[in-house]
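# Structural description and commentary
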Amino acid sequence: MDKLEIEGGVRLCGEVSVSGAKNAALPVMAASILGPGENIISNVPRLRDISTMGKLLAHLGMGYHQEGNEVTLQSKDITSIEAPYDYVKTMRASVLVLGPLLARAGEAKVSLPGGCAIGARPINLHIMGLEKMGAEITLTEGYIHARSKKLKGAVVYFDIPTVTGTENLMMAATLADGETVLGNAACEPEVVDLADALISMGADIQGAGTSTIRIKGVSSLKPLRYRIIPDRIETGTFICAAAITGGEVRIVNCDEGLIEAIISKLGETGAEIRHDSDSLYVKCPSCLKSEDIKTMPYPGFPTDMQAQFMALMTVAEGTSLITENIFENRFMHVAEMRRMGANIRVEGATATVKGVKTLKGAPVMATDLRASASLVIAALAAQGTTVIDRVYHIDRGYQGIEEKLRLLGARVRRVSL
Ligand code: EPZ
């Protein structure tokens, strides 16, 4: 199990390039099920989750190949309709094959994703929507077994704006009979990216990026040629890494239009952030002001940036209230930050973070993807050396993070045991 060893205290300076968005690439890869033939997707990050999705699609009978940041998926033949537990347990986003498989093959058997470190993460809304579209769904031995000769358009209203729920139903609706309306739909940029990819395949979709999405079913879709948007969470993660070290960093191949809430909040802490069309310039003072955040669905402050922002607040001036409104257990990084000397008290969904002068390096453990990124950020500012265990979590969502940080001057190395 690899570890990352980080010696803190270095001011990050220089230029770093952002990779393609993991959470856009995963649904777009699943969408290739809908377009029989050779699908080519570019700007796909090289990540564990991406290869897990590729292996799952190969299990369904598709050809999968990734060369650099380009993925080719040959979906002419689908020879299986089953997404086994072994894939789903390692990556919940495997559930994204449910909608497209049902639309393409009339049947899908997908293992129910278990919970994960950050919460129970049910998929009841995915199932509710597919049933409204006429699918017969049974839950047996931990599997969702869905059947439908032909899905029909329906009006589906989500109790909660679910990102992958919106994506699953949008994909299912592209080949349904009639129009589907998704109400209280997720507005995340990754949902918009998927809609744009589906439209490029011939789908008829209006309203992606708003809370009401209308999909008119068509008879068939062609294979996709598509380029994934930049990863807004990786961009925000590097802004926090620059900020906690009082650094001066240019972040290229990003899209500031996707991270307005993050830029606004970081600006309130005292970070200077300027942008041009596809890059950001971040210059930070040696000490930032504490600010409060509440995580919300897009365009609010993203839950996937909560842990990284908390790391920043552990050494800010003042007290910060951090409220996690999306997941019920997304404070696993708090105990690890306390080991580094952070002053954090958690009551229910709110963490009170009192800034301290400095953190101290310590052995810590990553518990989930974004928590591991927050420990890297904390380690960059800590006095002494921090060793982060279980970095397979970070490899799920950040392509070559140690190389990218070393380019900015960080003293970081991977220890393979
Ligand atoms: C997506 O997860 C992202 N993953 C997550 O990113 C992200 O944190 C999350 O959206 C919220 O933005 C991918 O896109 C692959 P949700 P998803 O359905 O779709 C509840 C990362 O770090 N809910 O939007 O699974 C759910 O419990 C990952 O890259 C139901 O109750 O999240 C949660 O409280 C972590 N029933 C809320 O909705 C359902 O059927 C939002 O979850 C579905 C969701």
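Quick notes on the rules
- Residues numbered from 1 in each chain as written.
- Predicted model: local features only at pLDDT ≥ 70, side-chain atom pairs only at ≥ 80, totals over all residues.
- Heavy atoms only, no water.
- Pairing = 2+ DSSP bridges.
- Helix = DSSP H or I, 4+ residues; strand = E, 2+ residues; numbered from the N terminus.
- Axes fitted to C-alpha atoms, helices over the stretch in contact; angles between N-to-C directions.
- Parallel < 35°, antiparallel > 145°, perpendicular 65-115°, else oblique.
- Left-handed = near helix turned anticlockwise from the far one by under 90°.
- Contact = heavy atoms within 4.5 Å.
- Nonpolar A, V, L, I, M, F, W, Y, C, P; charged D, E, K, R; others polar.
- Expected span 1.5 Å × (residues − 1).
- Buried < 20%, exposed > 50% of the residue type's maximum accessible area, 1.4 Å probe, protein only.

## So, the sheet that holds strand 3 (residues 38-42)
Here we have 4 strands laid out as an open sheet, ordered 4-5-3-14, and mixed in their pairing. The strands lining the two open edges of the sheet, one partner per strand, are strand 4 (63-67) and strand 14 (225-227). With strand direction ignored, the average angle separating the axes of adjacent strands in the sheet is 15°. Pairing geometry for strand 3 and strand 5 (residues 70-74), over 4 bridges, is antiparallel. Residue pairing for strand 5: Ile41 is matched across the bridge by Val71.

## As for the packing of helix 6 (residues 163-173) against helix 7 (residues 189-200)
The N-to-C vectors of helix 6 and helix 7 enclose an angle of 10°; their axes lie 10 Å apart at closest approach. When the interaxial angle is binned, helix 6 and helix 7 end up roughly parallel. Crossing geometry of helix 6 relative to helix 7 is assigned as right-handed. Counted together, Val163, Thr166, Glu167, Met170 and Met171 of helix 6 and Glu190, Val191, Leu194, Ala195 and Leu198 of helix 7 form the full contact between these two elements. A breakdown of the residues in the contact of helix 6 with helix 7 according to their chemical character gives 7 nonpolar, 1 polar and 2 charged.

## Focus on helix 2 (residues 48-59)
When the terminal C-alpha atoms of helix 2 are compared, their 16 Å separation across 12 residues agrees well with the 16 Å that a helix rising 1.5 Å per residue should span. Looking at the buried positions of helix 2, the neighbouring elements they touch are helix 1 (22-31), strand 4, strand 5, strand 6 (82-83) and helix 3 (85-90). Once helix 2 finishes, Gly61 follows within two positions and takes phi at roughly 110°, a positive value.

## Concerning the pairing of strand 13 (residues 212-216)
In the case of a regular strand, side chains alternate between the two sheet surfaces. In strand 13, alternate side chains face the same way, and those of Ile213 and Ile215 are buried while those of Thr212, Arg214 and Lys216 on the opposite face are not. Judged from the 5 bridges that link them, strand 11 (residues 179-183) and strand 13 form a sheet pairing that is antiparallel. What sits directly across from Val181, in strand 13, is Arg214. Of the pairings in the sheet, the one linking strand 12 (residues 204-206) to strand 13 comprises 3 bridges and is antiparallel in character. Paired with Ile205 across the strands is Ile215, a residue of strand 13. Between the end of strand 12 and the start of strand 13, which pair antiparallel, lie 5 residues, with Gly207 showing a positive phi angle near 90°.

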